[in-house]
Amino acid sequence: MPGQLSLQFHSPDDLRVVLAGSWLLVDSLPSADDVALQLQSRSDVHRLSFDGKAITQWDSGLLIFLARVYQLAREGRIHVDPGGLPEGARRMMKLATAVPPQEDTGKHSKPPPVLERIGLRSLSMWRAGPEMLHFLGEVTLSFGRLLRGTAQYRRSDLMLIIEDVGAHALPIVSLISFLVGLIVAYMGAVQLAQFGAQIYIANLVSLGMTREMGALMTGVIMAGRTGAAFAAQLGTMQVNEEIDAFRTLGFNPIDFLVLPRMLALILMMPLLVLYAGIVGITAGMFVAVTVFDISTFEYYQQTVRSMAWSHIWVGVIKGTVYGMLIAFAGCLRGMQCGRSAQAVGEATTSAVVTGILFIVIAASLLTILFQELGI
Amino acid sequence: MKANGVQHKKDPGGHITVQDLTMMYGNFVIQHDLNFTIPRGDIFIIMGGSGCGKSTLLRHMIGLKAPARGRVLFDDISYWESSSAEQQRIKRSFGMSFQSGALWSSLTLAENVALPLGEYTDLTAADIAEVVSLKLSLVGLAGFEEFYPSEISGGMQKRAALARAIALDPEILFFDEPSAGLDPISSRRLDDLILELRDSLGTTIVVVTHELASIFTIGDNAVFLDAETRTMIAIGNPRTLRDGSPNPVVRQFLNRGEL
């Protein structure tokens, strides 16, 4: 038999809640609203008691019902006599009501109004600026110590990171730059073929890959691959108190953790950009030879004619700047990370977003700069 | 246990002095007006209920967080008013065992212990390797030199962290919840080790804990931080406090809630 509820008046001011049957969470149980209704209509009730002799079995279902009744009684300043409840339930209710609910836990039950949220968000964004500048300052000082030879870091760490961001990135950089080279060549060729100028595919691809696309695509890949990894590594170290351990031992965590990461990416990015350019140009040649009937030799000749050292330099400089920005964003977010798994996830996401944002801004500025300089 | 037996040279100023310390997170006061002195060679316990700011106090003492008000002095030198070179020198005398161990996860146990040695001493690689083996054997981890922190159990990680903390023979050792997550026997071994370090090397030891067994076994002196009033409400020998503290909150805590 599922739970049954009836209300009786023992005396005019004493409401007795009679419970019977099986009070299990899985059953459909009577609600405490009936009790509330009775209490509302009869304001002279001062005592609430129970009769639970007919309860066959119970679990948290009963306790939840009782908790609501207790709540109602507290609101109406009604004395509750738990005497008639099953022994176990009585003890559980005593446990549940032993510590009154904490009123001032500092948590807002409802979210603040829109204007306040906008204000808070703006303030935190405003504060993010100085934090970033502070980190930039620390990194600059650390590079200063590197130049003077007093920076504390392990060469073996640097080598490991170089291997990770350099050699291990080759497969994905190869794939992406090959495909980008293919796309540039194909799209360009379709247009150029209308004038019978397919041979200029070589110019388009070599210029595009060395000046812009090589650096940009490598930058985006590295932001997703390495920037995220840096943030996750440093963030986890933050959670694990490893960074505090560096600080208490008097090690500068910027020197130890950030410096080798930035250095590795700054050293490896130019090489990766050069490599991406070569792969992209090869992809262009593949399209030109197989689809547009240009001979390998012609394509090679045209590429050499169109290339200048300045194009290569422009790409390499861009790549180096992107590398610096990606490593900066990754390390910044990692060092700012809070002390929870959630925070590590946020730091990683933010590292990639910040990294790509930095790259796009730098790409625009550098393109305009080189354009103005006529390089 | 000879926690009280050995008399150590004690200078009048105390090894560590906390003066009028107030700690805040943003605008939220965690603890205010803390005042106590830790003599040289003392084992000093910071105790109190969960969330009362014990670990935060420790983070202030080891220079990880700047106080909102007040000072922390080491041999009468105020840490936060010193130059950064002086701060480095003071920090060099610390060893710290973090709550989670905080071993550097990308390094083996041997490298973890060797890193401070390599950085701050002129020892040769061979000498360092010997010191590392000695420190690891002191905490019962001889033979685990080439293991990475993730390859050993939590209790072993804590002991390895202690080996790293004592690598440079520090004058002051800080422990954050040393026995949290340890079984009773490992926990007892750690207590014995702490006592042994104090007795044989005269190290001043500061322990954050709420393990009553540890508190009574090793503590010479203790401060009780209260979460309700957000300040210290008792200081003194924990056994004396247990039996005779005028404050019922402290007595209740030290008697596991029974008065």
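Treat the numbers as computed from the prediction; the structure is a model and nothing was measured.

Engineer: What am I meant to see in the overall build of chain B here?
Structural biologist: Scanning chain B from terminus to terminus reveals nine helices and ten strands. Against the 2.2 N^0.38 benchmark of 18 Å for 259 residues, chain B shows a C-alpha radius of gyration of 18 Å, consistent with a compact globule. With respect to the principal axes defined by its C-alpha atoms, chain B has extents near 55 × 45 × 40 Å. The buried share of chain B, reckoned over its 259 residues, is 41%. Long-range pairs, those at least 24 residues apart, make up 65% of the contacts in chain B between residues at least 6 apart in sequence.

Engineer: How do you make sense of the overall build of chain A when you look at a structure like this?
Structural biologist: Across its full length, chain A carries twelve helices and four strands. By the compact-globule yardstick of 21 Å for 375 residues, chain A is too spread out, its C-alpha radius of gyration being 35 Å. Along the first, second and third principal axes, the C-alpha atoms of chain A reach 110 × 60 × 40 Å. When burial is assessed residue by residue, chain A has 35% of its 375 residues classed as buried. Taking as baseline every contact in chain A between residues at least 6 positions apart, the subset at least 24 positions apart corresponds to 83%.

Engineer: Looking at this structure, how should I read the sheet that holds strand β2 (residues 28-38) of chain B?
Structural biologist: Whether parallel or antiparallel, the strands of a sheet pair through hydrogen bonds between backbone atoms. Residue and element names in this part refer to chain B. One open sheet accounts for four strands, arranged β2-β1-β4-β5; its pairing is antiparallel. Either end of the sheet is taken by a strand with one partner, and the two such strands are β2 and β5 (77-78). Bridge count between strand β1 (residues 16-25) and strand β4 (residues 69-74): five bridges; the pairing is antiparallel. Looking at β4, one finds that Val-18 is bridged to Val-72. Strand contacts of helix α1 (residues 54-61): β1, β2 and β4, with the helix running at about 120° to β1, the strand carrying the most contacts.

Engineer: Would you take a moment to explain the interface of chain B and chain A for this structure?
Structural biologist: Interface extent is often summarised as the accessible area lost during association of the parts. With 15 residues of chain B at the interface, the matching set in chain A holds eleven residues. Sorting the residues of the side of chain B that touches chain A by element identifies α2 (84-91), β6 (94-97) and α3 (109-120) of chain B as the ones contributing at least two each. Of the residues contributing to the side of chain B that touches chain A, the split by class is eight nonpolar, four polar and three charged.

Engineer: How should I be thinking about the packing of helix α9 (residues 253-291) of chain A against helix α10 (residues 296-306) of chain A in this particular structure?
Structural biologist: When two helices pack together, you describe them by how their axes are tilted relative to each other and by the distance separating the axes. All names here are of chain A. As a packed pair, α9 and α10 sit with axes 10 Å apart at the nearest point and diverge in direction by 135°. Regarding the angle of α9 to α10, the classification is oblique. Handedness of the crossing formed by α9 with α10: right-handed. Taking contact as the criterion, the partners of Ile-281, Met-285, Ala-288 and Val-289 in α9 are, on α10, Thr-296, Tyr-299 and Thr-303. Its residues assigned to classes, the contact of α9 with α10 comprises five nonpolar, two polar and no charged.

Engineer: Help me understand the domain arrangement of chain A in this model?
Structural biologist: Domains assigned within chain A are domain 1 (4-98) and domain 2 (130-373). When each unit is reduced to the centre of its C-alpha atoms, the spacing between domain 1 of chain A and domain 2 of chain A is 68 Å.

Engineer: Help me out: how do you make sense of the sheet that holds strand β9 (residues 221-226) of chain B in this one?
Structural biologist: Residue and element names in this part refer to chain B. In spatial order, the strands read β6-β7-β8-β3-β9-β10; together these six strands make up an open sheet with mixed pairing. Sheet topology places β6 and β10 (231-236) at the edges, where each strand pairs with a single neighbour. Recorded for the sheet is a direction-independent mean angle of 15° between the axes of neighbouring strands. Where β9 meets β10, five bridges bridge the pair, whose relative direction is antiparallel. Paired with Ala-222 across the bridge in β10 is Gly-236.

Engineer: Help me understand helix α11 (residues 309-335) of chain A, please; the structure alone is not making it clear to me.
Structural biologist: With 27 residues, α11(A) should reach 39 Å at 1.5 Å per residue; the first-to-last C-alpha distance of 39 Å fits that figure. α11(A) sits mainly inside the fold: 19 of its 27 residues count as buried.

Engineer: Could you clarify how one ought to interpret unusual backbone geometry in this entry?
Structural biologist: Note on backbone geometry: most residues besides glycine have negative phi, and most peptide bonds are trans. Residue and element names in this part refer to chain B. At Asp-76, a position not held by glycine, the phi torsion is positive, near 65°. With respect to the helices and strands, Asp-76 occurs in the loop between β4 and β5. Assessed through the 11 C-beta atoms surrounding it within 10 Å, Asp-76 is described here as exposed. A positive phi angle is found at Asp-169, which is not glycine, with a value near 45°. Take Asp-169: it is sitting in the loop between α5 (154-165) and β7 (172-176).

Conventions and cut-offs
Residues numbered from 1 in each chain as written. Chains lettered and ligands numbered in written order. Predicted model: local features only at pLDDT ≥ 70, side-chain atom pairs only at ≥ 80, totals over all residues. Helix = DSSP H or I, 4+ residues; strand = E, 2+ residues; numbered from the N terminus. Rg over C-alpha atoms; globule rule 2.2 N^0.38 Å. Buried ≥ 20, exposed ≤ 12 C-beta atoms within 10 Å, placed from the backbone. Contact = placed C-beta atoms within 7 Å. Pairing = 2+ DSSP bridges. Axes fitted to C-alpha atoms, helices over the stretch in contact; angles between N-to-C directions. Nonpolar A, V, L, I, M, F, W, Y, C, P; charged D, E, K, R; others polar. Parallel < 35°, antiparallel > 145°, perpendicular 65-115°, else oblique. Left-handed = near helix turned anticlockwise from the far one by under 90°. Domains from an automatic or database assignment. Expected span 1.5 Å × (residues − 1).

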